[in-house]
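In case you want the letters, here they are:
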Amino acid sequence: MTNEFILEIEDLKANINDIEILKGINLKIKRGEIHAIMGPNGSGKSTLSKVLTGHPAYEVTEGEIKFNSQVINELSPEERSHLGIFLAFQYPVEIPGVSNEEFLRLAYNLKRKANNLEELDPIQFFDILQQKLKVVGMSTSFLNRNVNEGFSGGEKKRNEILQMAILDSSLSILDETDSGLDIDALRTLSEGINKIMNKDKSIILITHYQRLLDYIKPDYIHIIQEGKIIKTGDASLAKVLEEKGYEWLKD
């Protein structure tokens, strides 16, 4: 029988430069669920995203991360990606000299190869790429441009969601994807994310702002402070935070 949880985190503690950031995170996410992670600056939100995806600068000192029932603590970022974990960066990097189409085809074929599937040639891949461009509302003109080079903030974020759509990851972690976006860009981005989401996928949204959650409805919201989840609630919790901030949680 398949485990109903796509992600299980148990008593997770992690350091960077010998400074403990995560101090005992416990979290379970089922397939088809959207979980939002909120909290003040420095609380451990982005650290959690990096630890889940295997960033080498972070050391897990205690606890366990299970993805589809498999313990992944010791796996490399590439191995976690091939299993189906995706991270959309808060600040996507530029890659001069590499076109979007080349980058996406390489990433797609590496995942297929890791899962013992036949790699696609450029023509086969382009058919898939065209379908995904429609989902995220992007023009084919993006394909010939170098990865994120000269892109606006909104274009960079939409490019991340295009990568998410192409890789068809079962767990997507979106680290402050809404930062720096105007309302129109946020709406377009959210529409793409909602189209990609289905009952077999799960999303972790890391955000400071309730406005993103107007467009992408979370099943749960978790508040992280000082490296621990201190409160969990439904979507209405975001509106309370908008009104009261985080100070009331200290009481």
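The name an unreviewed UniProt entry assigns to the protein chain is Fe-S cluster assembly ATPase SufC, from the organism Florenciella parvula.

Student: Looking at this model, I keep getting lost on the packing of helix α3 (residues 100–114) against helix α5 (residues 153–167). Mind explaining?
Tutor: In helix packing, the relevant descriptors are the interaxial angle and the interaxial distance, both defined with respect to the helix axes. Direction vectors running N to C along α3 and α5 enclose 35°, while the axes themselves pass 10 Å from each other. Both α3 and α5 take part in a crossing whose hand is right-handed. Contact with α3, carried on its side by N100, F103, L104, A107, Y108 and K111, involves N159, L162, Q163, I166 and L167 of α5 and no other residues of that element. Each residue belonging to the contact of α3 with α5 can be placed in one class, and the counts come to 7 nonpolar, 3 polar and 1 charged.

Student: I'm lost on unusual backbone geometry in this one. Help?
Tutor: Unusually for a residue other than glycine, D18 sits at a positive phi of about 65°. Looking at the secondary structure, you find D18 in the loop between β1 (5–16) and β2 (19–30). Even without being glycine, N68 reaches a positive phi, approximately 50°. Within the secondary structure layout, N68 lies in the loop between β4 (59–67) and β5 (70–71).

Student: Whenever I open this one, helix α6 (residues 183–196) confuses me. Can you help?
Tutor: Under the 1.5 Å per step criterion, the end-to-end length of α6 is 20 Å for 14 residues, consistent within 8% with the ideal 20 Å. Of all the residues in α6, the buried ones are A185, L186, L189, S190, G192, I193 and I196. Seen end-on, α6 carries its buried residues on one side only, within an arc spanning 160°. Projecting away from the buried face of α6 at angles above 90 degrees are the exposed residues D184 and K195. The secondary structure elements touched by the buried residues of α6 are α4 (122–136), α5, β9 (171–175), β10 (202–206) and α7 (212–215). The N-cap residue of α6 is D182: its side-chain oxygen and the backbone nitrogen of D184 are 3.2 Å apart.

Student: Help me understand the packing of aromatic side chains in this model?
Tutor: Aromatic ring pairs are described here by two measures, namely the spacing of the ring centres and the angle between the planes. Per the stated rule, a full pass over the model turns up 2 aromatic pairs. Their ring planes at 50° and their centres at 5.3 Å tell us that Y108 and F125 sit as a pair that is tilted. A residue pair is termed long-range when its members are at least 10 positions apart, and Y108 in helix α3 and F125 in helix α4 qualify at 17 residues. For the residue pair Y108 and F125, the accessibility class agrees, reading buried in each case. With a centroid separation of 5.5 Å and an interplanar angle of 85°, the aromatic rings of F142 and F151 are classed as edge-to-face. Its guanidinium or amino end placed over the ring of F5, K28 lies 5.2 Å from that ring's centre, counting from NZ or CZ. If you follow R145 out to its NZ or CZ, it ends over the ring of F142, 5.5 Å from the centre.

Student: Hey, could you run me through the environment of A57 in this one?
Tutor: With respect to the helices and strands, the residue A57 is situated in the loop between α1 (45–52) and β4. Once residues lying within four places of it in the same chain are set aside, the contact partners of A57 are N15 and I16.

Student: Looking at this model, I keep getting lost on the packing of α4 against α5. Mind explaining?
Tutor: Taken N-terminus to C-terminus, the directions of α4 and α5 make an angle of 130°; their axes are 9 Å apart at the nearest point. As summarised for this structure, α4 and α5 are arranged oblique, according to the angle between their axes. Relative to α5, the crossing made by α4 is right-handed. Mapping the contact onto sequence places F125, I128, L129, K132, L133 and V136 in α4 and R158, I161, L162, A165 and I166 in α5. Within the contact of α4 with α5, the residues separate by chemical class into 9 nonpolar, no polar and 2 charged.

Thresholds, definitions, all that
Residues numbered from 1 in each chain as written. Predicted model: local features only at pLDDT ≥ 70, side-chain atom pairs only at ≥ 80, totals over all residues. Heavy atoms only, no water. Axes fitted to C-alpha atoms, helices over the stretch in contact; angles between N-to-C directions. Helix = DSSP H or I, 4+ residues; strand = E, 2+ residues; numbered from the N terminus. Left-handed = near helix turned anticlockwise from the far one by under 90°. Contact = heavy atoms within 4.5 Å. Nonpolar A, V, L, I, M, F, W, Y, C, P; charged D, E, K, R; others polar. Expected span 1.5 Å × (residues − 1). Buried < 20%, exposed > 50% of the residue type's maximum accessible area, 1.4 Å probe, protein only. Arc of directions from axis to C-beta. Polar contact = N/O pair within 3.5 Å; in protein donor to acceptor, adjacent residues only side chain to side chain. Phe/Tyr/Trp six-rings, centres within 6.5 Å; stacked < 30°, edge-to-face > 60°. Lys NZ or Arg CZ within 6 Å of the ring centre and 35° of its normal. Parallel < 35°, antiparallel > 145°, perpendicular 65-115°, else oblique.

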